[in-house]
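# Close look at the chain arrangement
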Amino acid sequence: MSEMHDSANNIAYLLAEAASDSGSASGSGAKTALAIPASESADMRVVSYAQLASAAAQVQRHLAALGVERGDRVALSMPNVALMPALYYGIVAAGAICVPLNPLLSGAELEYHLRDSGAKVLFAFAGTRLASEASSTVPVKNGSVRCEIFTGGEGSPVAPFDVPADSALSATDSSDAVLEPVPVAASDPAIILYTSGTTGKPKGATLTHANILSNARSCVSVFSFTAEDVIFGGLPLFHAFGQTVSMNAAFAASATVALLPRFTPDGALNLMERAEVSVLAAVPSMYVSLAAALEAEPERARSLRGRIRFGISGGSPLPAPVHSALKTLIECPVYEGYGLSETSPVVSFNQAEFGMVLGSVGRVLPGVQVQVRCPQGSECAPGVSGQLWVRGENVMAGYWNNPAATAEVFDGEWFATGDVARVDEQGNIFIVDRIKDMVLRNGYSVYPREIEDVLYTHEQVQSVAVLGVPDDRVGEEVVAVVMPRPGADEGVLQAELNALARTRLAAYKYPRRYVMVESMPLGPTGKILKRDLRVLIQRG
């Protein structure tokens with residue numbers, strides 16, 4: 001029996017539903033969907049739900065004119081400007097699969113993602129590294145991928161867009177555009193989020209419409225989002241956390257998203273004040289910066305005290321002193337949680353209903369189950385550490401066109417996170433360690449093997465190991481331990497490796513520190529013992 005297709009199954013239904021009452025001044029359609037800083041003044045540009053839905057409908061029409069069909073992939077690389085949600089919802093409304101990409105990606109990285117996803121169209125934002133290097137990629141040069149570079153956002157936050165002259169989108173009148181999401185099956189692919197495994201080669205976590213809708217609506221329930229809330233939009237919307245918590249969940253509640261294109265502590269505080277933000281969503285490095293800025297400006301802290309209901313944090317542990325500072329300075333509790341790209345991404349969060357448990361990532365969301373398994377495969381008793389497995393409405397369909405990698409992480413409906421955890425008798429989850437060598441820097445996944453492969457291309461490198469070390473500001477910092485070839489000038493080598501990494505890798509990936517060693521600690525099979533290197537680095 002075939003699965004039922006319905007427009008209500010489409011992620012874009014969140015926006016269409018919120019905008020459906022646009023004829024009434026009191027309806028959600030007339031309500032503000034996006035608030036964007038206009039300038040250094042106190043003014044804010046606002047975009048209503050009706051305006052945003054009309055812009056997304058314009059994108060939907062444009063894709064149809066380009067010949068994009070249901071199931072085709074459309075890559076999307078935008079900072080946090082109003083174009084981002086307009087394009088995002090327009091893509092999924094058309095039944096296409098959205099492939100969000102980091103604007104910091106290099107041309108080589110972009111080319112891999114375009115080839116692997118089979119994207120037909122790329123939407124990028126002028127001035128970003130990805131946009132500037134897109135024309136050098138083979139899929140764009142040979143015409144297999146149509147690339148459109150958008151420059152709008154400052155003068156006109158939504159529509160009409162400032163787009164290339166040959167784009168049908170620039171000539172389309174959006175005034176009569178109505179967002180009508182195409183009917184889809186709940187299990188149809190909607191989003192491909194690129195992550196990596198132990199090989200370091202990016203894999204596309206394929207998320208369905210049901211995955212995203214379930215996770216977004218569960219977040220609304222857990223956090224009690226309402227139409228009166230203003231959600232801080234400083235998390236990148238191309239990232240899983242920002243997409244679900246800052247955008248999809250906010251729109252599911254008809255709340256307002258206050259967008260911040262580039263995070264700085266001062267910019268964030270200005271936005272919080274001017275947009276009257278009620279809920280923060282950020283990674284620990286952002287909270288660390290905000291706490292420091294508030295401590296330096298006590299008058300500003302006093303003005304914000306009691307105005308923010310709570311904060312939401314994920315990506316890495318939030319230092320206890322930062323919890324305490326934000327509670328003291330602005331009376332803002334911060335609830336920590338856990339998730340992965342493969343789980344849409346939220347698995348668990350500390351929740352007001354159960355009270356905050358510091359050091360824990362809280363309890364599972366509705367529709368999600370977890371299990372901690374011991375090495376032999378049996379379920380661990382409460383308090384005993386083992387690998388964390390997840391099952392539920394949020395778990396991906398699999399890795400895009402990669403059945404072998406998919407099979408490696410699934411046991412029936414259960415997904416292996418690769419993280420070691422324990423769960424107490426109340427259901428609170430505590431992340432103990434990572435099985436994989438992945439580094440979480442500022443909420444972004446960084447994979448050592450990818451960086452090592454780049455550094456190994458230098459002829460003066462004999463051996464190299466990349467690892468993460470704890471850092472209060474970004475969670476984990478990327479460090480490269482290098483064994484030079486005999487006779488190499490270490491100072492020159494370090495400078496050349498730094499230049500090489502900056503050229504070949506996105507800004508969040510390249511090592512911030514290089515440690516030169518005469519030899520590497522090796523195990524019985526000749527494998528570099530990274531745990532020994534961590535001890536060496538932490539000892540200074």
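Preceding block: the structure.
Since the model is a prediction, treat every value here as computed from it, not as a measurement.

### Here's the deal with a negative patch on the surface
Taken together, Glu 459, Asp 489, Glu 490, Glu 496 and Glu 518 make up a surface patch of like negative charges. Inspection of the secondary structure assignment puts Glu 459 in the loop between helix 15 (448-455) and strand 26 (461-471).

### Details of the state of the cysteines
Note: disulfide means a covalent bond formed between the sulfur atoms of two cysteine side chains. A complete count under the given rule lists one disulfide for this structure. Note that Cys 374 is cross-linked by a disulfide to Cys 380, the S-S spacing being 2.5 Å. Like Cys 374, the residue Cys 380 is buried in the burial classification. There is no disulfide at Cys 98, and the cysteine sulfur nearest it, in Cys 147, is 15 Å away. Classification of Cys 98 by relative accessible area gives buried; the value is 0%. With no disulfide partner, Cys 332 has as its closest neighbouring cysteine sulfur the one in Cys 219, 17 Å distant. Residue classification places Cys 332 among the buried residues on the basis of a relative accessible area of 0%.

### Quick look at the pairing of strand 13 (residues 279-282)
Residues Val 279 and Ala 281 line one face of strand 13 and the alternating positions Leu 280 and Ala 282 line the opposite face, and both faces are buried. Taken together, the four bridges between strand 13 and strand 14 (residues 310-313) define a ladder with parallel strand orientation. Opposite Ala 281, over in strand 14, you have Ile 312 as the bridge partner.

### Observations regarding the layout of surface pockets
Taken as a whole, the second largest pocket spans an internal volume of roughly 890 Å³. The set of elements that each furnish at least two residues to the lining of the second largest pocket consists of helix 9 (240-252) and helix 11 (284-296). Per-element tally for the lining of the second largest pocket: the top contributor is helix 11, with three residues. Taken together, the residues that form the lining of the second largest pocket break down as 18 nonpolar, 11 polar and five charged.

### Details of the nonpolar core
Judged by nonpolar contacts, the single largest core of 169 residues is most densely connected at Leu 34, Tyr 89, Phe 123, Ile 191, Phe 225 and Phe 251. The element that contributes the greatest number of residues to this core is helix 3 (residues 83-93), accounting for nine residues. When neighbours within four sequence positions are excluded, Tyr 89 is seen to be in contact with Ile 11, Ala 12, Leu 15, Ala 56, Met 247, Asn 248 and Phe 251. Judged by nonpolar contacts, the second largest core, of 12 residues, contains Ala 465, Met 483, Val 515 and Leu 533.

### Focus: the packing of helix 8 (residues 209-223) against helix 9
Relative orientation of the contacting elements helix 8 and helix 9 amounts to 80°, with a least axis distance of 8 Å. In terms of axis orientation, helix 8 runs roughly perpendicular to helix 9. Seen from helix 8, the contacting residues are Ile 212, Asn 215, Ala 216, Cys 219 and Val 220; seen from helix 9, they are Thr 244, Val 245, Asn 248, Ala 249 and Ala 252.

### Observations regarding the pairing of strand 10 (residues 202-208)
Counted residue by residue, strand 10 has seven buried out of seven residues, so it is predominantly covered. Side chains of strand 10 alternate between two faces, with Pro 202, Gly 204, Thr 206 and Thr 208 and Lys 203, Ala 205 and Leu 207 buried alike. Sheet topology note: the strand 10/strand 20 (residues 398-399) ladder contains two bridges and is antiparallel. Its bridge partner being in strand 20, Ala 205 is matched across the sheet by Tyr 399.

What counts, and where the lines are drawn
Residues numbered from 1 in each chain as written. Predicted model: local features only at pLDDT ≥ 70, side-chain atom pairs only at ≥ 80, totals over all residues. Heavy atoms only, no water. Patch = residues over 30% accessible without salt bridge, like charges linked within 9 Å, V, L, I, M, F, W, Y side chains within 5 Å. Areas by Shrake-Rupley, 256 points an atom, 1.4 Å probe, with all protein chains shown as cover. Salt bridge = Lys/Arg side-chain N within 4 Å of Asp/Glu carboxyl O. Lys, Arg positive; Asp, Glu negative; His and termini not counted. Charge placed at Lys NZ, Arg CZ, Asp CG, Glu CD. Helix = DSSP H or I, 4+ residues; strand = E, 2+ residues; numbered from the N terminus. Disulfide = S-S within 2.5 Å. Buried < 20%, exposed > 50% of the residue type's maximum accessible area, 1.4 Å probe, protein only. Pairing = 2+ DSSP bridges. 1 Å grid on protein atoms, 1.4 Å probe; cavity = no way out; pocket = protein on both sides within 12 Å on 5 of 7 lines; lining within 4 Å. Points joined across faces, edges and corners; volume = space filled by probe spheres on them. Nonpolar A, V, L, I, M, F, W, Y, C, P; charged D, E, K, R; others polar. Core = buried A, V, L, I, M, F, W, Y, C linked by side-chain atoms within 4.5 Å. Contact = heavy atoms within 4.5 Å. Axes fitted to C-alpha atoms, helices over the stretch in contact; angles between N-to-C directions. Parallel < 35°, antiparallel > 145°, perpendicular 65-115°, else oblique.

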